[in-house]
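Understanding the architecture of this molecule
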Number of protein chains: 2
Amino acid sequence: MKNKLPSIVLIGAGNVAHHLGHRFQEMGIPVLEVFSRKITKARKLAKAIGASATNQLSAISKTADLYILAVHDDAIEAVARQLPLSPTTGLVVHTSGAMPSKVLKPFFKNYGCFYPLQTFSIQKAVDFEVLPLCIFSPQQRNRQKLTKVAKAICPNVYTIDDAQKSVLHVAAVFVNNFTNHLCYIAKEITDQQGIDFDILKPLLNETASKLAKYAPKEMQTGPAIRGDQQTMNKHLQLLESHPEWAQLYKLLSQSIAKTK
Amino acid sequence: MKNKLPSIVLIGAGNVAHHLGHRFQEMGIPVLEVFSRKITKARKLAKAIGASATNQLSAISKTADLYILAVHDDAIEAVARQLPLSPTTGLVVHTSGAMPSKVLKPFFKNYGCFYPLQTFSIQKAVDFEVLPLCIFSPQQRNRQKLTKVAKAICPNVYTIDDAQKSVLHVAAVFVNNFTNHLCYIAKEITDQQGIDFDILKPLLNETASKLAKYAPKEMQTGPAIRGDQQTMNKHLQLLESHPEWAQLYKLLSQSIAKTK
């Protein structure tokens, strides 16, 4: 290895593989090969980043330094089982936040994680200058290798073991998935009354921007933290036609009240 | 009135009065007087914006065009009752998102709302170029007056009646207060495991930035929308020591699943 960057094979051609592949290309890190069960998807990504394409796991390059499994969580083990690699060659990592690195342990001596903590979608560019890239391998030597690759595409690299990652993943669900759903509810509520949801966007931006600087506990405002039961009752009345949202409103308000 | 801007009296010297007062000053709109029960607070704000200060409601100027009540929700009626104005002089508005404008109706013929939809804190500057300012008065003439003042300090002015405002206020609770609380939970979870909450901040920013462009329904990701019960069970196990958070996790996941 020395100063040479490892040669990479990308297993997968979905959102994560797409953005990782383009970033490797952008930073001059060669990707040898892209695998996808759908050859058109493999070819599209491969072509864009100067790699070769295959839809046969049995045919992938056996001599790469790093295999990145960017596939759905429930496909990781099946794909790992089918990879035609000897257990000791190369380093095999997956990009999942939900799965521990050790799901790869039965198949390879050298395994780990390469987890970009971000919400990916094809249509939106991903800023590798700000996202945190979480890496892990039980072996020090492999951690060093992953750190090197990670730092070549991203300034914010964290070593996060499996236990920490699972906690981080729950926290990410709260920060991203659940927050998104609260905004969905807010949009439904305003849409139903013919109010433009855009009115609320500056508030959402300000909420995120304050949390970038201050602790959430200090930034908590609203009827629940003030104990303003009159306003909360009024809100619950407005939510009457959606018992589930009313129930969420109650539970969230109770949980906020307990932080006082 | 014609092209002259109305003369303004600010009732209150808290967060909202502070930011409104400074914005009026910045945009060259004279504020005659600032009232606060605490004369030191009244004087501090008044001095900064070139107004006079008083802590006697009975002593305030009776001839201003616009009285802005920027006081706590539960003080609005009490303060309105004590304002030494004839029912027909001037226009009296409050800045509350939770209260309808009509709480002022028993006291004044000319009343309304002047509600900046933003989360205010003294320590952080407020960007009047992006926040939405919601105004309302039942009289067309007063709505025009309020629109004129509002547009002088803010490009995004919306006319929102009492019914719409109460809906908007519930939605704002979801977008700001509840989102903030989810981040509080995320921080508690990561703190307890010695993980730096900062790792999650880019994810939060990206969440807000995506919602600025795309509908929340399109942006929903995570185990709940995928129906990934295995991951959800794992997360619930990790939340075992906080039954309330686990309950929130369940309810939010169920609510997300219903949007499929």
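Below or above, wherever it landed, is the structure these notes cover. (Residues numbered from 1 in each chain as written. Chains lettered and ligands numbered in written order. Predicted model: local features only at pLDDT ≥ 70, side-chain atom pairs only at ≥ 80, totals over all residues. Heavy atoms only, no water.)

1. So, the relation of the copies chain B and chain A
Keep this limit in mind: All copies are superposed by least squares; the fitting set is the C-alpha atoms of residues with a pLDDT of at least 70 in both.
Aligned on chain A, chain B shows an RMSD of 0.0 Å; the corresponding rotation is 180° and the shift along the axis is 0.0 Å. In short, the pair behaves as if placed about a two-fold rotation axis. When C-alpha positions in chain B are compared against the rotation axis, the closest is assigned to B:Thr179, at 2.7 Å.

2. Notes on helix α1 (residues 15-26) of chain A
Residue and element names in this part refer to chain A. Which entries qualify depends on this criterion: Strands are runs of DSSP state E lasting at least 2 residues, helices are runs of H or I lasting at least 4, and numbering of each runs from the N terminus. For a helix, the expected span equals 1.5 Å multiplied by the residue count minus one. Burial status follows relative accessibility: with a 1.4 Å probe on protein chains alone, a residue under 20% of its type maximum counts as buried, one over 50% as exposed, and anything between as partly exposed. The criterion used for residue contact is that any of the two residues' heavy atoms lie within 4.5 Å.
If you check α1, its first and last C-alpha atoms are 16 Å apart, about what twelve residues at 1.5 Å a residue would give, namely 16 Å. All of the buried residues along α1 are Ala17, His19, Leu20, Gly21, Arg23 and Phe24. At its buried positions, α1 is contacted by β1 (8-11), β2 (31-35), α2 (39-49), β4 (66-69), β6 (111-116) and α4 (140-153). Gly28 lies just past α1 and shows a positive phi near 75°.

3. Re empty space enclosed by the protein
Unfilled space is identified by rolling a water-sized probe across the atoms. As a reminder of what qualifies: Definitions used for this entry: grid spacing 1 Å over protein atoms alone; cavity, a set of points where a 1.4 Å probe fits but cannot get out; pocket, an open set with protein on both sides within 12 Å along at least 5 of 7 lines; lining residue, one with an atom within 4 Å of a point. Grid points are joined across faces, edges and corners, and a volume is the space filled by probe spheres set on the points. The nonpolar class holds Ala, Val, Leu, Ile, Met, Phe, Trp, Tyr, Cys and Pro. Asp, Glu, Lys and Arg form the charged class, and all remaining residues, Gly among them, are polar.
Applying the stated rule across the entire model yields three cavities of 30 Å³ or more. Volume-wise, the largest cavity comes out at about 40 Å³. Around the largest cavity sit A:Thr179, A:Leu204, A:Thr207, A:Ala208, B:Thr179, B:Leu204, B:Thr207 and B:Ala208, which together line it. Counting only elements with at least two residues in the lining of the largest cavity, the list comes to α6 (201-213) of chain A together with α6 (201-213) of chain B. Along the lines of polarity and charge, the residues of the lining of the largest cavity split into four nonpolar, four polar and no charged.

4. Comments concerning the interface of chain B and chain A
Heads up, the rule is: Put simply, buried area is the surface a 1.4 Å probe can reach on two separate parts but cannot reach once they are joined, added for both. By salt bridge we mean one thing: a side-chain nitrogen of Lys or Arg within 4 Å of a carboxyl oxygen of Asp or Glu.
Every contact between the two is made by 87 residues of chain B and, on the other side, 87 residues of chain A. Taken together, both faces of the contact between chain B and chain A bury some 8700 Å²; the carbon and sulfur share is 70%. Three residues, B:Phe174, B:Val175 and B:Ile199, lead the burial of chain B against chain A; their summed loss comes to 8% of the area buried on that side. The tally of links between chain B and chain A comes to four salt bridges. Salt-bridge contacts for B:Arg226 lead to A:Asp73; the nearest nitrogen and oxygen are separated by 3.7 Å.

5. Some points on the sheet that holds β2(A)
Residue and element names in this part refer to chain A. Let me state the cut-off plainly: A strand pair is defined by DSSP finding two or more bridges across the two strands. All axes here are fitted lines through C-alpha atoms, helices being fitted over the stretch that makes contact, and every angle between N-to-C directions spans 0 to 180 degrees.
Overall, mixed pairing links the eight strands, which are arranged β3-β2-β1-β4-β5-β6-β7-β8 in an open sheet. Edge positions in the open sheet fall to β3 (52-54) and β8 (156-159), since each of these has one partner strand only. Within this sheet the neighbouring strands show an average axis-to-axis angle of 20°, counted without direction. Of the pairings in the sheet, the one linking β6 to strand β7 (residues 132-136) comprises four bridges and is antiparallel in character. By the bridge assignment, Phe114 is partnered in β7 with Ile135. Each of β5 (91-94), β6, β7 and β8 touches helix α5 (residues 162-192); the most contacted strand, β6, lies at about 25° to it.

6. Some details on the packing of α5(A) against α6(B)
Heads up, the condition is: Each angle receives one of four descriptions, namely roughly parallel if under 35 degrees, roughly antiparallel if over 145, roughly perpendicular if within 65 to 115, and oblique otherwise. Helix crossings are classified by the rotation of the near helix relative to the far one: an anticlockwise turn of less than a right angle makes the crossing left-handed, while a clockwise turn makes it right-handed.
At their nearest, the axes of α5(A) and α6(B) sit 9 Å apart, and the two run at 20° to each other. When the axis of α5(A) is compared with that of α6(B), the two are roughly parallel. In this structure, the crossing between α5(A) and α6(B) has a hand that is right-handed. Every residue of α6(B) that contacts α5(A) at A:Ala172, A:Val175, A:Asn176, A:Thr179, A:Asn180 and A:Cys183 is listed here: B:Leu203, B:Leu204, B:Thr207 and B:Leu211. A class-by-class count of the residues in the contact of α5(A) with α6(B) yields six nonpolar, four polar and no charged.

7. Focus on the pairing of strand β4 (residues 66-69) of chain B
Residue and element names in this part refer to chain B. Basically, it comes down to this: Handedness of a crossover is defined as follows: with both strands directed away from the viewer, a clockwise route from the first strand across the helix to the second makes it right-handed.
Neither face of β4 is left uncovered, since the one carrying Leu66 and Ile68 and the one carrying Tyr67 and Leu69 both have all their residues buried. Here strand β1 (residues 8-11) runs beside β4; their pairing, made up of four bridges, is parallel. Bridging across to β4, Ile11 finds its partner in Leu69. With four bridges joining them, β4 and strand β5 (residues 91-94) adopt parallel strand pairing. Residue pairing in the sheet places Leu66 in a bridge with Leu91 of β5. The parallel pair β4 and β5 is bridged by helix α3 (residues 76-82), and the resulting crossover is right-handed.

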